[in-house]
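# Notes for the structure review
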Amino acid sequence: MDEYTLASHYYLLLDALPEHVFVFSEQGQYLEVFGGQDNHTQFDCKAYVGQYLHDVMPLKSAELFLSYIQQAIKKNKTVIVNYHFNNDTMIRFPDDIEPPKELWFEGIIKPLAERYHDQKTVLWTARNITQRHYLEKQLKALSETDELTGVLNRRAFMNALYNKRQQFLRDTQDVSLLMLDIDRFKSVNDSLGHQAGDAVIKHVTELCQQTIRQVDSLGRLGGEEFAIILHDANLDQAYQLASRLCQRVATQPCIWQQQPIKVTISIGLSTFKIEDKTPEQVIQRADHAMYTSKHLGRNLVSIFSPNHQGQFPKI
Ligand SMILES: Nc1nc2c(ncn2[C@@H]2O[C@H](COP(=O)(O)OP(=O)(O)OP(=O)(O)O)[C@@H](O)[C@H]2O)c(=O)[nH]1
């Protein structure tokens, strides 16, 4: 092969690469663009050659991309980044192509030995990972969600509790924890069947969701046991909310196959404390108070206190 044929052979090979491959100068100028036909952006980025990042995308995105390029050059190392374009940050599309709402990419940015007009250069490979991103998001949501009720499962709730505790230690705003258990739930399963039991669990979930605020976190810890993190709520405020919830459940039966099932719940309350060593300690206190509600006859709210369990009249 002569030199020209060889060059065009390699060019064709490079341009057949499934990912977009860019050569950028350290100033963010597009020097070369190859490949990307399988990248689902539906247009050929070769039109960018000669232009700068700032010409083809909003300032915020261009600055970010430039910082990645400069990072790779400064460290003289390959840098791998995930980035995304949305409505505000979308790269410029040709007029005849409707840009998608979102695009996610993995960028591999490798410094090159080759200089261009005395400027350093990088090779930037962009893999479209939008589908993978949505799949990961879906899997994450599934792994955090209780299948029956759609609220946080135990693992996700414990994560939320851990994060809330970190926030509490920073800003010391009151945070209360409510533990809730459906009373004599086994008898619902035994007398009406498991599906009726499931309907009761969903019913209680809905009443909890109607009672708490958006900032609060509701989780199903297992079986017929729930927990709620009450943000910015001291014990008095938590008690008022818990009493409302207790009353709501007791007065709004679950309708199962056109028949009402009477449901009550027992609640235990405690608050976050600076001196706690672990987030589990507040759960133990609220759980203790919840068992007090059970022992005192159920359909009750109890507050944990170190010396005695606060006792409150039945609602
Ligand atoms: N329908 C249904 N039942 C469940 C589920 N998870 C656990 N259970 C049942 O929940 C029942 C819990 O019963 P217990 O722990 O004895 O408590 P209880 O009958 O509510 O009695 P108290 O808590 O003392 O008022 C058991 O029969 C479990 O099999 C579920 O997802 N669906």
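Predicted, not measured: the structure shown is a model, and the values here were computed from it.

Criteria and thresholds
- Residues numbered from 1 in each chain as written.
- Predicted model: local features only at pLDDT ≥ 70, side-chain atom pairs only at ≥ 80, totals over all residues.
- Heavy atoms only, no water.
- Salt bridge = Lys/Arg side-chain N within 4 Å of Asp/Glu carboxyl O.
- Helix = DSSP H or I, 4+ residues; strand = E, 2+ residues; numbered from the N terminus.
- Buried < 20%, exposed > 50% of the residue type's maximum accessible area, 1.4 Å probe, protein only.
- Domains from an automatic or database assignment.
- Pairing = 2+ DSSP bridges.
- Axes fitted to C-alpha atoms, helices over the stretch in contact; angles between N-to-C directions.
- Contact = heavy atoms within 4.5 Å.
- 1 Å grid on protein atoms, 1.4 Å probe; cavity = no way out; pocket = protein on both sides within 12 Å on 5 of 7 lines; lining within 4 Å.
- Points joined across faces, edges and corners; volume = space filled by probe spheres on them.
- Nonpolar A, V, L, I, M, F, W, Y, C, P; charged D, E, K, R; others polar.

Here the focus is the pattern of salt bridges. Within the structure shown, the criterion is met by 12 salt bridges. With its nearest N and O atoms 2.7 Å apart, the salt bridge here joins Lys294 to Asp181. With Lys294 in helix H9 (residues 280-295) and Asp181 in strand E6 (residues 175-182), this pair connects stretches of sequence that are 113 residues apart. Across the pair, exposure class does not vary: Lys294 and Asp181 are buried alike. Residues Arg285 and Asp276 are paired through a salt bridge, measuring 2.8 Å at the closest nitrogen-oxygen approach. For the residue pair Arg285 and Asp276, the accessibility class agrees, reading buried in each case. A single network of salt bridges, built from pairs that share partners, joins Glu19, Glu106 and Arg127.

Here the protein is partitioned into domain 1 (3-136) and domain 2 (146-303). Each of domain 1 and domain 2 has a C-alpha centre, and the two are 50 Å apart.

The phi angle of most residues is negative, glycine excepted, and most peptide bonds adopt the trans form. At Asp232, a position not held by glycine, the phi torsion is positive, near 50 degrees. Examined against the element boundaries, Asp232 turns out to sit in the loop between strand E8 (225-231) and helix H8 (235-251). Exposure remark for Asp232: the relative accessible area of 38% places this residue in the partly exposed category. Despite not being glycine, Gln258 has its phi angle at roughly 65 degrees, a positive value. Following the sequence through the fold, Gln258 ends up in the loop between strand E9 (254-256) and strand E10 (259-261).

With that settled, consider the sheet that holds E8. Strands sit in the order E7-E8-E6-E11-E12 across an open sheet of 5 strands; the sheet is mixed. In the strand order of this sheet, the two ends are held by strand E7 (217-222) and strand E12 (301-303), each with one partner. In this sheet, adjacent strand axes meet at a mean angle of 20 degrees when their direction is disregarded. Across the face of the sheet, H9 comes into contact with E6, E8, strand E11 (265-271) and E12 while running at roughly 145 degrees to E11.

For E11, a buried count of 7 out of 7 residues is recorded, marking the element as mostly surrounded by other parts of the structure. Burial along E11 is two-sided: Ile265, Ile267, Leu269 and Thr271 facing one way and Ser266, Gly268 and Ser270 facing the other are all buried. Bridge count for E11 against E12 is 3 bridges, and the pairing is parallel. Residue Ile267 lies in a different strand from E12, and its bridge partner there is Val301.

Applying the stated criterion to the full structure yields 2 cavities of 30 Å³ or more. Taken as a whole, the largest cavity holds about 160 Å³ of empty space. Considering the residues around the largest cavity, the lining is formed by 18 residues, among which Phe22, Tyr83, Phe85, Ile91 and Phe105 are closest to the centre. Among the elements of the structure, strand E1 (20-25), strand E3 (79-85), strand E4 (103-116) and strand E5 (119-128) are those that each provide at least two residues to the lining of the largest cavity. A per-element tally of the lining of the largest cavity places E1 first, with 3 residues. A per-class count over the lining of the largest cavity returns 16 nonpolar, 2 polar and no charged. Reported here for the second largest cavity is a volume of approximately 40 Å³.

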